[in-house]
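Chain by chain, the residues:
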Amino acid sequence: MKVTVKVPRLGLTVEDAMVMEWHKQVGDAVEAGEVIGVIEADKTTVELESPATGTLTEIIGQVGETYEIGAPLAVLDV
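Residues numbered from 1 in each chain as written. Predicted model: local features only at pLDDT ≥ 70, side-chain atom pairs only at ≥ 80, totals over all residues. Heavy atoms only, no water.

Engineer: Please give an account of the nonpolar core that cites residues and values.
Structural biologist: One finds V7, W22, L73 and L76 to be the most contacted residues of the largest nonpolar core, which totals 20 residues. Contributions of two or more residues to this core are made by β1 (2-6), β2 (16-22), β4 (35-41), β6 (54-59) and β8 (72-77). Sequence-distant contacts of L76, defined by excluding residues within four places in its chain, comprise M1, K2, V3, V5, V30, S50, P51, A52, T55, L56 and T57. (Core = buried A, V, L, I, M, F, W, Y, C linked by side-chain atoms within 4.5 Å. Buried < 20%, exposed > 50% of the residue type's maximum accessible area, 1.4 Å probe, protein only. Helix = DSSP H or I, 4+ residues; strand = E, 2+ residues; numbered from the N terminus. Contact = heavy atoms within 4.5 Å.)

Written out as structure tokens, the structure is:
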């Protein structure tokens, strides 16, 4: 089953976030709740946690690019 990692809601007025870095790469195993990357919104840096345990199969969000809340950033195979 595929699980999509999305830009989380970060507040009522936050509309988008920038991918700052990825801690995991395609093919890496991840645990639910494990930090897989870092995003920044309105000068707030937030750790992006894996929503499930599985394997990171795709990274959509590119470092330095900005994405709207709810946009897909990565895909896990669980």
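After presenting the structure, the write-up continues.
Engineer: How would you explain the pairing of strand β5 (residues 44-49) if you had to name every residue and give the values?
Structural biologist: As paired strands, β4 and β5 are joined by six bridges and run antiparallel to one another. When the sheet's bridge partners are listed, V35 is paired in β5 with E49. Connecting β4 to the antiparallel partner β5 that follows it, the hairpin turn spans two residues, and D42 within it adopts a positive phi of roughly 45°. (Pairing = 2+ DSSP bridges.)

Engineer: With reference to specific residues and values, describe the environment of E40.
Structural biologist: Tracing the sequence through the fold places E40 in strand β4. In sequence terms E40 and K6 are 34 residues apart; their C-alpha atoms lie 14 Å from each other.

Engineer: Quick one: what's the story with the sheet that holds strand β3 (residues 29-30), residue by residue and with numbers?
Structural biologist: Backbone hydrogen bonds hold the strands of a sheet together, and the pairing may be parallel or antiparallel. Taken in spatial order, the four strands of this open sheet run β1-β8-β6-β3, and their pairing is antiparallel. A single partner strand is all that each edge strand has here, and the edge strands are β1 and β3. Sheet topology places β3 next to β6; two bridges connect them, and they run antiparallel. In the sheet register, A29 faces β6, and the bridge partner there is T55.

Read these as geometric descriptors, not functional statements.
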